[in-house]
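Examining the three-dimensional arrangement
The residues making up each chain are set out below.
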Amino acid sequence: MAQGPNRRGSRRGAASRLNLILSVILIVIVVAIVGVLILNSRAETEPPAASPTAAAVDASPTTALGIATPTAAPSEEPTAEEGTEVPETPTPEPPTPTIEPTPTPLVGDFGDLPAPDMPSGNSARRPITLDYRLDLSLQLVPTEAPVYALQHRAWTLEEVEAVAAALGIESEVVDQGGGSFRTADGSLYISGDLVRYINSAPDASGEAELPGDDALIQMARNWLIEHRLVGADAGPGSVRLRDEDAGRAIVAIKPVEPESILSAAPEAAVTLTADGTVLQADVQWPAALNRSDYGLRSAEDLWNDIRAGRGYLEIDPAALPASDGALTGSANLTSVSLAYSLAGSPATQQFLVPLVVFAGQAEIEGADGPIPIKVYVPAVGAQVAPRG
């Protein structure tokens, strides 16, 4: 009977130990779960390690629980030590700079042109050496300009006879051949672009006072057009000479286009009296001026010609010192424009070609003050070197 209570006590002790074991196991499981959660939160907040071996460390829950994750074996690649050639990386070459070609000047309808008829040196015909300075932008220098081909006149006997009759010439017109004509009394000669007339009638105008320049120019132009010695392209005129004592003036008429013709042709020079009577006329006038645009030489080339003394210098000889020696000084060029000169032969083909004109002032040693100057330079790209 004494063994009953002992059996119940042993049963209670066994139950207590079982509960204790289960509690310990439960605590271990809870601790493990908390540890996994803590490791996961750290893996999300911490930045990845910079070391290339960091990829081998796995912060997943399996790692925290000690479960190994199999990794792929590294591939066997040949290395340079095993005799395999490693291609060399080519060294990049610097890009070649693009050089823009110099544009070829425009060549007009007349092809390559002959040299312009222009003098060399200077208008004073004295040795002058100037140190040129440019006081304007080279961008102002023209890059293109028109060239004019002279279309020569061809006369018939009937046309010359009509001109002689309009001038009041009663003398017979003689055909000299080759397109040349003259009157028997010598008062009229016509050949191609050239017309020369001398009024054989005595001058009965007396010593009247000459009218103003504008009136003289208008009278000369009207007379030329009326007698068909020039066309409607007769342009501006200038009074070359006024002889107030004799009551005579010489008027020169140029074509309306181009401006600033330096050559003696095309031109019509008329000597007339105060009442408009024409005493003499010297006309060099083509039938037409055919135009075509041409490209000019670069502004740098033109400027280099001037600095090297290859331009023609126009300067007033009277403003220079009276000494006979060579002159030196400096020149400041402040403007640029175009002028025209003849080129070619009357027997073949003639042109009016542009020249570039730089203008300014020169300081000559020994002179009283600054002297206005102009320097002319051949301008057309498709043209041979100038004569003169």
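All residue numbers here refer to positions counted from 1 along the written sequence of the relevant chain. Totals for whole chains, interfaces and linings use every residue, but because this is a predicted model, local features are given only for residues with pLDDT of at least 70 and side-chain atom pairs only at 80 or more, for both listing and counting. With hydrogens and water set aside, each side-chain value is computed from the structure's full complement of heavy atoms.

**Description of the overall build of the protein**
- What counts as a helix is a DSSP run of H or I of at least four residues, what counts as a strand is a run of E of at least two, and both are numbered from the N terminus. Counting its secondary structure elements, the protein contains 5 helices and 15 strands.
- Exposure classes here rest on a 1.4 Å probe applied to the protein chains alone. A residue is buried below 20% of its type maximum, exposed above 50%, and partly exposed in between. Burial status across the protein gives 33% buried among its 388 residues.
- What makes two residues a contact is simply this: any of their non-hydrogen atoms within 4.5 Å. Counted over contacts in the protein with a minimum sequence separation of 6, partners at least 24 positions apart contribute 67%.
- Only carbon and sulfur atoms are counted for the fraction: they give 54% of the accessible area of the protein, which is about 24100 Å². Reported accessibility uses the Shrake-Rupley method at a 1.4 Å probe radius. Residues are deemed covered only where the shown protein chains occlude them.

**Section: the pattern of salt bridges**
- Within this document, salt bridges are pairs made up of a side-chain nitrogen of Lys or Arg and a carboxyl oxygen of Asp or Glu, the two lying within 4 Å of each other. With the rule as written, the count across this model stands at 9 salt bridges.
- We note a salt bridge from E244 to R242, for which the minimum N-O separation is 2.9 Å.
- Of the residues examined, E244 reaches a relative accessible area of 40% and is grouped as partly exposed.
- Residues joined in a network through salt bridges with shared partners are D213, R242 and E244.

**Comments concerning helix 4 (residues 213-226)**
- The terminal C-alpha atoms of helix 4, which comprises 14 residues, lie 20 Å apart, in line with the 20 Å expected from a rise of 1.5 Å per residue.
- Looking only at helix 4, the buried set comprises L216, I217, A220, R221, W223 and L224. Along the axis of helix 4, the buried residues cluster in a sector spanning 160°; they form a single face. For helix 4, the exposed residues lying more than 90 degrees away from the buried face are D214 and E226.
- Contacts made by the buried residues of helix 4 are with strand 6 (194-198), strand 7 (234-243), strand 8 (248-255), strand 9 (267-273) and strand 10 (278-284).
- Phi for R228, located one or two positions after helix 4, is positive at around 55°. Helix span is expected to be 1.5 Å times the residue number reduced by one. Arc definition: it is the arc formed by the directions from the helix axis to the C-beta atoms.

**Regarding the packing of aromatic side chains**
- Two aromatic rings from Phe, Tyr or Trp, using only the six-membered ring of Trp, form a pair when their centres are within 6.5 Å; if the ring planes differ by under 30 degrees the pair is stacked, by over 60 it is edge-to-face, and anything between is tilted. One pass over the structure, following the stated rule, counts 6 aromatic pairs.
- Note on F110 and Y294: the rings are 6.4 Å apart at their centroids and 25° apart in plane angle, and the pair reads as stacked. On the criterion of sequence distance, the pair formed by F110 in the loop between helix 2 (61-64) and strand 1 (128-134) and Y294 in strand 11 (residues 288-295) is long-range, its members being 184 residues apart.
- The class for F110 is partly exposed, based on a relative accessible area of 24%.
- Ring pairs connect the aromatic residues F110, Y294 and F351, which therefore count as one cluster.

**Topic: the sheet that holds strand 7**
- Sheet architecture is open: 8 strands sit in the order 3-4-5-6-10-9-8-7, paired in antiparallel fashion. The strands lining the two open edges of the sheet, one partner per strand, are strand 3 (173-177) and strand 7. Sheet twist, expressed as the average angle between the axes of neighbouring strands with direction ignored, equals 15°.
- Only the contacting stretch of a helix is used when fitting its axis, a line to C-alpha atoms as for every element, and angles between N-to-C directions run 0 to 180 degrees. Strand contacts of helix 4: strand 6, strand 7, strand 8, strand 9 and strand 10, with the helix running at about 120° to strand 7, the strand carrying the most contacts. Strand pairing is defined by DSSP finding a minimum of two bridges between the two strands.

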